[in-house]
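Chain residues, written in single-letter form:
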There are 2 protein chains.
Amino acid sequence: MMIDMVEMGRTARQASRELVKLTTAQKNKALLAIAAELERNAASILVENEGDVAAGREKGLSEALLDRLLLTEPRIASLAADVRRVADLPDPVGMEIMGRVLPNGLRLSKRRIPIGVIGVIYEARPNVTIDIAALCLKTGNAAILRGGSETWRSNLALVGVIQAALEQSLLPLGAVQIIGSPDRRYVAELLQLNRYVDMIIPRGGAGLHKLCKEQSTIPVITGGIGICHIFVDASADLERAVDIVENAKVQRPSVCNALDTVLVHRAAAAAFLPAMAVRLAQSKVELRAAGDALSILQANGHGACVQPAGPDDFDQEWLALILGVKVVDDLDEAIAHIQQHSTEHSDSILTQNWANANRFIAEINSAAVYVNASTRFTDGGQFGLGAEVAVSTEKLHARGPMGLEELTTYKWIGFGDGHIRE
Amino acid sequence: MMIDMVEMGRTARQASRELVKLTTAQKNKALLAIAAELERNAASILVENEGDVAAGREKGLSEALLDRLLLTEPRIASLAADVRRVADLPDPVGMEIMGRVLPNGLRLSKRRIPIGVIGVIYEARPNVTIDIAALCLKTGNAAILRGGSETWRSNLALVGVIQAALEQSLLPLGAVQIIGSPDRRYVAELLQLNRYVDMIIPRGGAGLHKLCKEQSTIPVITGGIGICHIFVDASADLERAVDIVENAKVQRPSVCNALDTVLVHRAAAAAFLPAMAVRLAQSKVELRAAGDALSILQANGHGACVQPAGPDDFDQEWLALILGVKVVDDLDEAIAHIQQHSTEHSDSILTQNWANANRFIAEINSAAVYVNASTRFTDGGQFGLGAEVAVSTEKLHARGPMGLEELTTYKWIGFGDGHIRE
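The notes below deal with the structure included here.

## Things to note about the interface of chain B and chain A
On the chain A side, the residues contacting the 73 residues of chain B number 73 residues. Summed over both partners, the interface of chain B with chain A buries about 6,400 Å², with 52% contributed by carbon and sulfur atoms. Broken down residue by residue, the surface that chain B buries against chain A is led by Leu396, Trp412 and Arg421 of chain B, which jointly contribute 14%. Linking chain B with chain A are 8 salt bridges. The residue Lys21 of chain A makes a salt bridge to Glu363 of chain B at a minimum N-O spacing of 3.9 Å. The tally of links between chain B and chain A comes to 45 residue pairs in polar contact (both at pLDDT 80 or more). Elements with a contribution of two residues or more to the side of chain B that touches chain A: helix H1 (5-19), strand E2 (107-114), helix H9 (206-215), helix H10 (238-250), helix H14 (354-363), strand E13 (368-373), strand E15 (400-402) and strand E16 (408-419) of chain B. Broken down by element, the residue count for the side of chain B that touches chain A peaks at 11 residues, all from E16 of chain B. In this structure, strand E13 (residues 368-373) of chain A lies alongside E16 of chain B, joined through 5 bridges in parallel fashion. Across the sheet, Ala373 of chain A pairs through a bridge with His419 of chain B, a residue of E16 of chain B.

Here it is in structure tokens:
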């Protein structure tokens with residue numbers, strides 16, 4: 001099948017011009033229709049999903065991956081519940097974030113509006129299709145989706161359901177479109193549609209992000225890749241430090257805010273490292289230790305789960321039960337290490353020293369910087385945003401967890417009464 | 001001379017890590033030093049500027065362009081005064097724009113921080129060199145500047161003066177660097193330095209913006225190109241409408257917020273157009289009128305300054321005393337015309353009809369939308385921002401006039417006391 005991407009872009013732009021006119025009540029009604037249609041069509045969605053799972057099994061996907069793409073009745077019910085939750089969230093569109101009467105009497109305000117058309121490129125999980133569609137619709141943005149090839153049929157079925165709900169709600173079908181082919185050339189074409197698409201969100205690995213940065217003529221929000229650090233300072237409460245490192249590494253190792261490297265102040269290393277190793281051994285964490293950290297760990301008989309750190313081990317987002325370990329001489333060395341290796345996602349200092357905490361906060365330029373806390377908190381839900389579109393490591397527009405507000409932009413509105421410029 | 005752009009990028013990044021540590025007082029002191037050095041070195045700057053002017057005259061630059069690049073003692077004094085004014089502005093860096101204690105006791109805040117390293121590519125006027133350097137320094141950003149070839153020597157002299165002031169103030173020289181060659185390949189290299197540069201601001205024509213969009217792997221803030229519209233609705237106060245159209249077109253035709261096209265409701269056309277033509281004839285404005293507008297203007301004997309609109313005349317940013325004129329049947333046609341032709345910079349509706357004003361505001365997606373006011377207000381000074389870096393027509397990060405705040409980003413800061421995620 002040939003897809004006319006320009007036509008898809010034009011359709012999305014046209015739909016976005018209709019979406020901008022909708023009230024919050026109209027958008028919420030459409031969201032509730034999507035939730036109802038999901039439940040009503042569960043059986044046919046599951047048939048398509050079975051096809052994806054069978055194809056995935058044939059291709060030799062791991063059980064973990066197969067589970068990620070699997071839909072079940074309860075999972076569809078939970079998707080519908082998510083959409084209803086989005087309907088319940090406050091609508092950022094229309095919010096006036098500044099207002100004043102200028103000295104000349106012109107009334108000036110800044111009002112939040114939809115961004116327009118958002119292209120989202122993602123992998124595997126079919127729930128992203130529903131999540132993103134719901135969040136875009138809530139904020140009045142048209143979406144062009146491009147899911148992973150493993151969930152092809154499921155995604156088409158889900159978007160079919162969304163479009164049925166849009167039709168019932170008298171909303172334009174162009175509000176949520178999916179690129180109905182796994183051919184990668186359509187990704188390349190999407191990235192060049194700057195006339196019709198206002199923002200690209202890639203949700204996937206480093207390769208996808210690099211491709212988008214290099215090829216896109218549309219602003220790209222990259223993120224979701226975290227090489228995260230904890231620095232255990234000389235004055236840290238070492239008992240709590242063990243708890244925090246364990247939490248950051250072990251609680252959910254496959255996510256972007258999980259810990260990748262622990263840096264330990266030389267003065268704390270002999271006491272902290274063996275205690276940490278004992279605790280992490282309970283979860284079978286493999287340590288990749290450099291120089292002095294390696295010696296301390298091996299001297300204390302924790303050699304079993306310790307290996308010497310390889311040359312690239314401090315540039316890894318592990319996404320697994322592996323942890324880089326290094327001893328540093330002082331805060332300066334810790335900051336320099338993080339500046340060199342961090343992806344500016346989430347980094348934390350554990351310290352009782354107020355001056356060191358402040359220096360760390362000021363000089364570590366990550367989207368989220370913590371004092372005496374786990375890196376695992378970088379999350380839209382934890383931060384109270386109500387929803388999470390992505391976790392940005394960009395400098396512009398949005399940093400860290402992006403909620404509904406980050407799917408909006410603003411316009412300046414000037415109300416005059418015949419005002420001319422002097 | 002060969003320039004090592006990677007080295008320049010690395011130097012800027014290193015400088016930005018020093019700048020982030022500075023207090024507002026330290027940054028202001030450096031700004032005052034720049035102002036003083038400008039005045040102290042006026043004579044040598046003028047010598048270099050004379051060289052640029054002489055070369056420009058030889059190249060056959062117009063008197064208007066030569067005037068733009070000319071520096072004089074009073075102009076240097078005025079530049080120094082501008083820098084002192086930037087020192088007086090409030091510093092957005094360090095401002096906390098959100099703060100709350102989460103249910104688990106973690107204290108979360110969002111703090112404004114510098115963006116990092118900003119690349120600015122601009123044409124002609126040497127005052128931009130000083131302006132941008134001052135605004136970047138005030139916000140703790142390192143700047144890599146690339147000015148127009150016509151102001152080569154002036155720019156090198158100005159950056160020399162800035163660096164002398166930085167040195168006196170014990171600030172890193174890498175805080176303000178200039179690409180010391182007119183060779184365009186360095187622009188291409190700059191646009192690929194995404195490892196070291198966080199934002200590109202092109203200030204120039206459409207060609208430069210297109211180049212940046214296509215080649216840059218760094219987020220680009222384009223703007224400053226305005227195809228601006230005024231729609232004179234049926235209910236508009238026509239006397240005031242003539243004043244506003246005149247102001248928007250004539251007051252300063254060479255700038256981006258000047259009017260390019262006037263759309264007139266059919267019901268107002270016969271009364272409005274001749275009155276407008278008489279007024280604009282006083283300033284020798286040339287009208288490019290389509291269909292019915294042309295007939296009305298010619299029938300009323302205003303044919304002298306009226307021509308039929310050519311096929312591309314409604315896609316022109318005139319930057320001159322020329323105005324596109326078109327009659328539309330209703331608000332729908334006006335909105336559709338603007339959606340098709342606007343660069344989403346500044347557009348205005350003149351009306352006494354509240355519903356129409358609201359529809360225009362909601363459906364016209366420009367950075368600045370006006371009711372009963374001139375488009376000329378889209379300006380950092382007019383909006384009370386205290387400074388203007390650029391006027392963005394982007395959707396992400398910043399729209400419309402960008403002040404100091406728009407040269408910052410933010411980080412999330414989480415203060416815990418041993419907090420781990422449940």
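There's more to say after this.
## Observations regarding the packing of helix H2 (residues 24-40) of chain B against helix H6 (residues 127-138) of chain B
Residue and element names in this part refer to chain B. Where H2 contacts H6, the axes come no closer than 9 Å and their chain directions differ by 160°. By the angle class used here, H2 and H6 are roughly antiparallel. H2 and H6 meet at a crossing whose hand is right-handed. On the side of H2, the interface is formed by Lys27, Asn28, Ala30, Leu31, Ile34 and Leu38, while H6 contributes Ile130, Ala134, Leu137 and Lys138.

## Quick look at the packing of aromatic side chains
One pass over the full model with this rule turns up 6 aromatic pairs over all chains. Taking 4.7 Å as the distance between ring centres and 40° as the angle between the ring planes, the aromatic pair formed by Phe383 of chain A and Trp412 of chain B counts as tilted. Taken together, the residues span two chains, with Phe383 of chain A in the loop between E13 and strand E14 (390-392) and Trp412 of chain B in strand E16. Taking 6.3 Å as the distance between ring centres and 80° as the angle between the ring planes, the aromatic pair formed by Tyr410 of chain A and Trp412 of chain A counts as edge-to-face. Given the relative accessible area of 8%, Tyr410 of chain A is considered buried. The exposure class assigned to Trp412 of chain A is buried, which follows from its relative accessible area of 2%.

## Some thoughts on the relation of the copies chain B and chain A
Note on the copies: chain B fits chain A at an RMSD of 0.0 Å, the axial shift is 0.0 Å, and the rotation between them is 180°. A rotation of that kind, with that shift, is consistent with a two-fold axis. In terms of proximity to the rotation axis, the leading residue of chain B is His397 of chain B, whose C-alpha is 1.8 Å off the axis. Looking at the interface residues of chain B, 100% of them are also at the interface in chain A, so both copies use one shared face.

## Observations concerning the side chain of Thr409 of chain B
Here Thr409 of chain B shows up in strand E16. When its relative accessible area of 4% is taken as the criterion, Thr409 of chain B is described as buried. Of note is the side chain of Thr409 of chain B, whose polar atom sits 2.6 Å from the backbone oxygen of Lys395 of chain A. The contacts of Thr409 of chain B, once residues within four sequence positions are left out, are Lys395 and Arg399 of chain A together with Arg111, Arg112, Ile113, Pro114 and Ile115 of chain B.

## Observations regarding unusual backbone geometry
Residues and elements named next belong to chain B. Here the phi dihedral of Leu170 falls at roughly 60°; this positive angle occurs in a residue that is not glycine. Examined against the element boundaries, Leu170 turns out to sit in the loop between helix H7 (152-168) and strand E5 (176-178). Residue classification places Leu170 among the exposed residues on the basis of a relative accessible area of 76%. A positive phi angle, near 55°, is found at Lys284, a position not held by glycine. Along the chain, Lys284 turns up in the loop between helix H11 (266-281) and strand E9 (286-289).

## A closer look at the sheet that holds E13 of chain A
With mixed pairing, the 10 strands of this open sheet are ordered in space as E10(A)-E9(A)-E11(A)-E8(A)-E7(A)-E12(A)-E13(A)-E16(B)-E2(B)-E1(B). Two strands lie at the open edges of the sheet, namely strand E10 (306-308) of chain A together with strand E1 (96-101) of chain B, each paired on one side alone. Neighbour-to-neighbour, the strand axes of the sheet open up by a mean angle of 25°, direction not taken into account. Two strands pair when backbone bridges link them, and E2 of chain B and E16 of chain B are joined in this way by 8 bridges, in the antiparallel orientation. Bridge pairing in E16 of chain B links Ser109 of chain B to Ile413 of chain B. Sheet contacts for helix H11 (residues 266-281) of chain A: strand E7 (228-232), strand E8 (259-265), strand E9 (286-289) and strand E11 (322-328) of chain A; angle to E8 of chain A, the most-contacted strand, approximately 145°.

## A short note on the pairing of E11 of chain A
Residue and element names in this part refer to chain A. Of all the 7 residues making up E11, 6 are buried; the element is thus mostly covered by neighbouring parts of the structure. Both E9 and E11 contribute to a ladder of 4 bridges, which runs parallel. Following the sheet pairing, Leu287 is matched in E11 by Leu323.

## Observations regarding the environment of Glu18 of chain B
Within the secondary structure layout, Glu18 of chain B lies in helix H1. Between the C-alpha atoms of Glu18 of chain B and Ile361 of chain B, which are 343 residues apart in sequence, the distance is 44 Å.

## Some details on the sheet that holds strand E3 (residues 117-122) of chain A
Residue and element names in this part refer to chain A. The parallel open sheet is built from 4 strands, whose spatial order is E5-E4-E3-E6. In this open sheet, the two strands that pair with only one neighbour each are strand E5 (176-178) and strand E6 (199-203). For this sheet, the mean inter-axis angle between neighbouring strands, taken without regard to orientation, is 20°. Across 5 bridges, E3 lies against E6 in parallel orientation. For Tyr122, the partnering residue across the bridge sits in E6 and is Arg203.

## Some points on the pattern of salt bridges
Summed over the entire model, instances satisfying the criterion amount to 59 salt bridges over all chains. Two residues, Glu39 of chain B and Arg84 of chain B, come together in a salt bridge whose shortest N-O distance is 3.0 Å. Note that Glu39 of chain B is positioned in helix H2 and Arg84 of chain B in helix H5 (residues 73-88), a separation of 45 residues in sequence. Taking relative accessible area as the criterion, Glu39 of chain B reaches 39% and is therefore assigned partly exposed. For Arg84 of chain B, a relative accessible area of 30% puts it in the partly exposed group. Salt-bridge contacts for Glu363 of chain B lead to Arg359 of chain B; the nearest nitrogen and oxygen are separated by 2.9 Å. Of this pair, Glu363 of chain B and Arg359 of chain B both sit in helix H14, separated by 4 residues, roughly a single helical turn. Within the structure, one salt-bridge network assembled from shared partners comprises Arg13 and Asp198 of chain A together with Glu344, Lys395 and Arg399 of chain B.

Reading the values: the criteria
Residues numbered from 1 in each chain as written. Chains lettered and ligands numbered in written order. Predicted model: local features only at pLDDT ≥ 70, side-chain atom pairs only at ≥ 80, totals over all residues. Heavy atoms only, no water. Contact = heavy atoms within 4.5 Å. Buried area = accessible area lost by both parts, 1.4 Å probe. Salt bridge = Lys/Arg side-chain N within 4 Å of Asp/Glu carboxyl O. Polar contact = N/O pair within 3.5 Å; in protein donor to acceptor, adjacent residues only side chain to side chain. Helix = DSSP H or I, 4+ residues; strand = E, 2+ residues; numbered from the N terminus. Pairing = 2+ DSSP bridges. Axes fitted to C-alpha atoms, helices over the stretch in contact; angles between N-to-C directions. Parallel < 35°, antiparallel > 145°, perpendicular 65-115°, else oblique. Left-handed = near helix turned anticlockwise from the far one by under 90°. Phe/Tyr/Trp six-rings, centres within 6.5 Å; stacked < 30°, edge-to-face > 60°. Buried < 20%, exposed > 50% of the residue type's maximum accessible area, 1.4 Å probe, protein only. Least-squares fit on C-alpha atoms with pLDDT ≥ 70 in both.

Any functional reading would require information beyond the geometric quantities listed.
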